[in-house]
Amino acid sequence: MEYNLADLFESVVDVVPDREALVYADHPGTGAERRLTYAELDAAANRIGHHLLDSGVRPGEHVGLHLYNGVEYVQTALGCLKARLVPVNVNYRYVADELAYLYRDADLAALVFDGEFGARVAAVRERAEGLRHLVRVGEAAVATAVAFEEAETAASAGRGFPDRSGDDQFIIYTGGTTGMPKGVMWRQEDLFFSGLGGGAPTGEPVRRPEELAERVAAGGSGLTFFPAPPLMHGTSTLTAFIGFNFGQRVVLHRRFVPEEVLRTIERERVSSVSLVGDAMLRPLIDALSGPLKGTDCSSLFSVSSSGAVMSETVRRQFLELVPHVMLLNNFGSSESGFNGTATEDSGPGRGFRIRVNSRTRVVDPATHEPVAVGEVGRIAQCGHVPLGYYNDPVKTAETFFEKDGERWVLLGDMATVDADGVVTVLGRGSQCINTGGEKVYPEEVEQALKSHPDVYDALVAGVPDAKWGNHVAAVVQVREGAPVPSLPEIQDHCRAQLAGYKIPRQLVITDEVRRSPSGKADYRWAREVARGADG
């Protein structure tokens, strides 16, 4: 047995086959709720894995998952891993040209898609030459697509797959809001340790593959993990796998609806929720302080965010409503897995400060040597890191390197490190605004903006400026019912927290700040909105 995700999952199934594994708790009244034990989920995954092999998809080939959250997403991901096929996440918000690019770039041989996306799939299928097998969930007018139910019925529920390896791949596509998406290629063994904590994200990683099931057999049940973002967001899928590695229960909703999330927390006695920043935590606060005031959240132990920062203001508001919950501002990426967790004193005053793991450093991007205390560098990680970007040797050479016999990944995040080893994340270098020779990182300004009582959400972008080169522009969504703040009011508020050159020189009010389905910032959109308003 190796550190292969399918092998590890099957080892857990074999020790707790009758324990509930997956609950698809969609909106009440739809009749869509489903509950599967570990044995039932294992058999369901076997069926789709065998179907794909029986349909001519070969081990090592890529299968796209163009799906909303649901049993079928988890089932297909596990089925691919069992059959030694490579699952590839597809952003369901993509339009035709973006989908055609991803289908081609990822060399998809097969695609499992929700019928709701059938028209888009049909429109781009011929532009993806290698895509030869389609499986649809629900209804869709796509010729030659096999119904998911038919695929399940005709295939074997037994295992009987080829021997697997820790070298088998798992690809996570990331990006698309600031450029075309990139496929991060992980060996499953590396992903197990960097993204899944080696079977124990808050404890001691396992020392051999068999130890995972031994720990599950020796422990008990009672924990429920709830990944709230779309599973096509890498963090959400990894959260589900962490729950399975513990032999515990995972709850899913088709889409994020704050009121339904809270009802499910109460009904299913959820222990841990993962989400993406303020874009998801703030609507939960609105529901808890409004229509769902009094919801029983006593079972909830932790709420974690990865992929976007939970601002100090929003964290404080949530803790006023649910004071017993541990809020975890995690830092990581599709290229590195988990790097660390924010300190309690993170906020507009001191910045986004994280205590990083032993594999994370701040380095000079040119020499790859650690920077001195207080100097600006880029965050890098060694050890269990990806193989590179699929189909992109140039970007791979820019991002991944070897040093002292170890593989490293150089992330896009700029940072400093203090004498205690605490890292202050400044922001993505690609989003940095150069104004009058000074560097401004949007995330820091956004934290200050969101501490204003009338600001519901905000993004910051650079706009060309004849005098300063670029100026800082704030794109703001005002809280419902609140007065619209003026630019001088916003500037006065930020001046107490930020240096003068970081203060926004332009304010654009928008009905809604655009983010990805997972809550990540869409800086390309913010830049276009700000430049349009400036013109």
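Above this note sits the structure.
Only a predicted model underlies this, so the values are computations on that prediction, with no experimental measurement involved. (Residues numbered from 1 in each chain as written. Predicted model: local features only at pLDDT ≥ 70, side-chain atom pairs only at ≥ 80, totals over all residues. Heavy atoms only, no water.)

**Looking at the packing of aromatic side chains**
- The final tally for this structure, using the stated rule, is 14 aromatic pairs.
- Summarising the aromatic geometry, the rings of Phe225 and Phe246 are spaced 6.1 Å apart at their centres and angled 10° between planes, so their arrangement reads as stacked. One end of the pair, Phe225, is in strand β10 (residues 224-227); the other, Phe246, is in the loop between α9 (234-245) and β11 (249-252), and 21 residues separate them in sequence.
- Residue classification places Phe225 among the buried positions, given a relative accessible area of 11%.
- Judged by its relative accessible area of 30%, Phe246 is partly exposed.
- Every member of this aromatic cluster is reached through a ring pair, and the members are Phe9, Tyr38, Phe241 and Phe244. (Phe/Tyr/Trp six-rings, centres within 6.5 Å; stacked < 30°, edge-to-face > 60°. Helix = DSSP H or I, 4+ residues; strand = E, 2+ residues; numbered from the N terminus. Buried < 20%, exposed > 50% of the residue type's maximum accessible area, 1.4 Å probe, protein only.)

**Quick notes on helix α2 (residues 38-54)**
- An ideal rise of 1.5 Å per residue puts 24 Å on 17 residues; α2 measures up with 24 Å between its terminal C-alpha atoms.
- Listed in full, the buried residues belonging to α2 are Tyr38, Leu41, Asp42, Ala44, Ala45, Asn46, Ile48, Gly49, His50, His51 and Leu52.
- Phi for Gly56, located one or two positions after α2, is positive at around 100°. (Expected span 1.5 Å × (residues − 1).)

**Comments concerning the pairing of strand β18 (residues 377-382)**
- Of all six residues in β18, five are buried; the element is thus mostly enclosed.
- Two strands pair when backbone bridges link them, and strand β17 (residues 360-363) and β18 are joined in this way by four bridges, in the antiparallel orientation. Across the sheet, the residue bridging to Val363 is Arg378, located in β18.
- In this sheet, strand β21 (residues 406-417) lies alongside β18 in antiparallel orientation, the contact comprising five bridges. When the sheet's bridge partners are listed, Cys382 is paired in β21 with Trp408. (Pairing = 2+ DSSP bridges.)

**Considering the nonpolar core**
- Within the largest apolar cluster, 79 residues are counted, with the highest numbers of intra-cluster contacts made by Leu41, Val63, Phe192 and Phe244.
- Ignoring any residue separated from it by four or fewer positions in sequence, one finds Phe244 in contact with Phe9, Val12, Ala21, Leu22, Tyr38, Leu41, Val74 and Val250.
- Listed in part, the 27 residues of the second largest apolar core include Val23, Leu262, Leu275 and Leu300. (Core = buried A, V, L, I, M, F, W, Y, C linked by side-chain atoms within 4.5 Å. Contact = heavy atoms within 4.5 Å.)

**A short note on the packing of helix α11 (residues 277-288) against helix α12 (residues 312-321)**
- Running from amino to carboxyl end, α11 crosses α12 at an angle of 35°, the nearest separation of the two axes being 10 Å. Pair α11 / α12 crosses with left-handed handedness. Counting all contacts with α11, which are made through Asp278, Leu281, Arg282, Ile285 and Leu288, the residues of α12 involved are Val314, Gln317, Phe318 and Leu321.
- Of the residues that constitute the contact of α11 with α12, the class distribution is six nonpolar, one polar and two charged. (Axes fitted to C-alpha atoms, helices over the stretch in contact; angles between N-to-C directions. Left-handed = near helix turned anticlockwise from the far one by under 90°. Nonpolar A, V, L, I, M, F, W, Y, C, P; charged D, E, K, R; others polar.)

**Here we look at α11**
- The end-to-end C-alpha distance of α11, which contains 12 residues, comes to 17 Å, matching closely the 16 Å that a straight helix rising 1.5 Å per residue would cover.
- Where burial is concerned, most of α11 is hidden: 10 out of the 12 residues are buried.
- Residues of α11 that are buried: Gly277, Asp278, Met280, Leu281, Arg282, Pro283, Leu284, Ile285, Ala287 and Leu288.
- The secondary structure elements touched by the buried residues of α11 are α10 (258-268), β12 (272-275), β13 (302-305), α12, α14 (442-450) and β25 (455-465).

**Thoughts on the pattern of salt bridges**
- In total, this model carries 42 salt bridges according to the counting rule given.
- Residue Arg208 pairs with Glu214 through a salt bridge whose shortest N-O separation is 2.8 Å.
- Judged by its relative accessible area of 38%, Arg208 is partly exposed.
- Here Glu214 falls in the partly exposed class, since its relative accessible area comes to 39%. (Salt bridge = Lys/Arg side-chain N within 4 Å of Asp/Glu carboxyl O.)

**Side note on the sheet that holds β25**
- A sheet is described by the order of its strands in space; here three strands give the open sequence β25-β26-β27, paired in mixed fashion. Each of the sheet's edge strands pairs with one partner strand only, and the pair in question is β25 and β27 (506-509). Shown here is a sheet whose adjacent strand axes are inclined to one another by a mean of 25°, direction ignored.
- Where β25 lies against strand β26 (residues 469-478), 10 bridges are found, and the strand directions are antiparallel. Along β26, the bridge assignment pairs Asp465 with Gly469.
- Packing against the sheet, helix α16 (residues 523-534) makes contact with β25, β26 and β27, and its axis sits at approximately 65° to β25.

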